Amino acid sequence: ATCHSGPNLGDDLFHNVGIGVPKEGEGDLGRGATSKDAADNYRFRTPTLRGVADTAPYFHDGSVAELREAVKY
């Protein structure tokens, strides 16, 4: 609830919610690819919830196809 708040319904911060983190430690590093700080690996900016019903698939990697499933996660 705190991540998707404010007038834009997003906090403009980067978070690791465990989506799309490969076991091998590879893949899209998210913020870590830009900052070069390992603590930022797999952190992605919180997206706005404005128009969320029209923006499937969900999460940075598109791994969740349905809004109901994304909300459950």
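What this report covers is the structure whose coordinates are included nearby. (Residues numbered from 1 in each chain as written. Predicted model: local features only at pLDDT ≥ 70, side-chain atom pairs only at ≥ 80, totals over all residues. Heavy atoms only, no water.)

## Description of the overall build of the protein
Along the backbone of the protein there are two helices and two strands. Secondary structure elements of the protein occur, N-terminal to C-terminal, as β-α-β-α. Along the three orthogonal principal directions, the C-alpha set of the protein runs to about 30 × 25 × 15 Å. Taken across its 73 residues, the protein has 15% of its residues classed as buried. Sequence separation of at least 24 residues holds for 50% of the intrachain contacts in the protein that already meet a minimum separation of 6. (Helix = DSSP H or I, 4+ residues; strand = E, 2+ residues; numbered from the N terminus. Buried < 20%, exposed > 50% of the residue type's maximum accessible area, 1.4 Å probe, protein only. Contact = heavy atoms within 4.5 Å.)

## Concerning the environment of Pro7
Mapped onto the elements, Pro7 comes out in the segment before strand E1 (14-15). When the C-alpha positions of Pro7 and Gly27 are compared, they lie 32 Å apart, and in sequence the two are 20 residues distant.

## Considerations on the packing of aromatic side chains
For the structure shown, the criterion picks out one aromatic pair. Both rings, one in Phe59 and one in Tyr73, keep their centres 5.6 Å apart while their planes meet at 80°; by these two values the pair is edge-to-face. Note that Phe59 is positioned in the loop between strand E2 (44-45) and helix H2 (67-72) and Tyr73 in the segment after H2, a separation of 14 residues in sequence. Of the residues examined, Phe59 reaches a relative accessible area of 29% and is grouped as partly exposed. Note on Tyr73: relative accessible area 53%, which makes it exposed. Over the ring of Phe14 we find Arg31; its NZ or CZ atom is 4.8 Å from the centre of that ring. (Phe/Tyr/Trp six-rings, centres within 6.5 Å; stacked < 30°, edge-to-face > 60°. Lys NZ or Arg CZ within 6 Å of the ring centre and 35° of its normal.)

## Observations regarding unusual backbone geometry
A cis geometry characterises the amide bond from Ala56 onward to Pro57, with omega recorded as 0°. Of note in this structure, Leu9 is not a glycine but carries a positive phi near 55°. Relative to the elements of secondary structure, Leu9 occurs in the segment before E1. With a relative accessible area of 33%, Leu9 lands in the partly exposed category. Of note in the backbone geometry, Asp12 takes a positive phi value of approximately 60° without being a glycine. By the element assignment, Asp12 lies in the segment before E1.

## Remarks on the environment of Asp28
Among the secondary structure elements, Asp28 is positioned in the loop between E1 and helix H1 (31-35). When the C-alpha atoms of Asp28 and Tyr42 are compared, they prove to be 7.0 Å apart, with 14 residues separating the residues in sequence. Ignoring sequence-local partners within four residues, the contact set of Asp28 consists of Tyr42, Phe44 and His60. A polar side-chain atom of Asp28 sits 2.9 Å from the main-chain amide nitrogen of Gly30. (Polar contact = N/O pair within 3.5 Å; in protein donor to acceptor, adjacent residues only side chain to side chain.)

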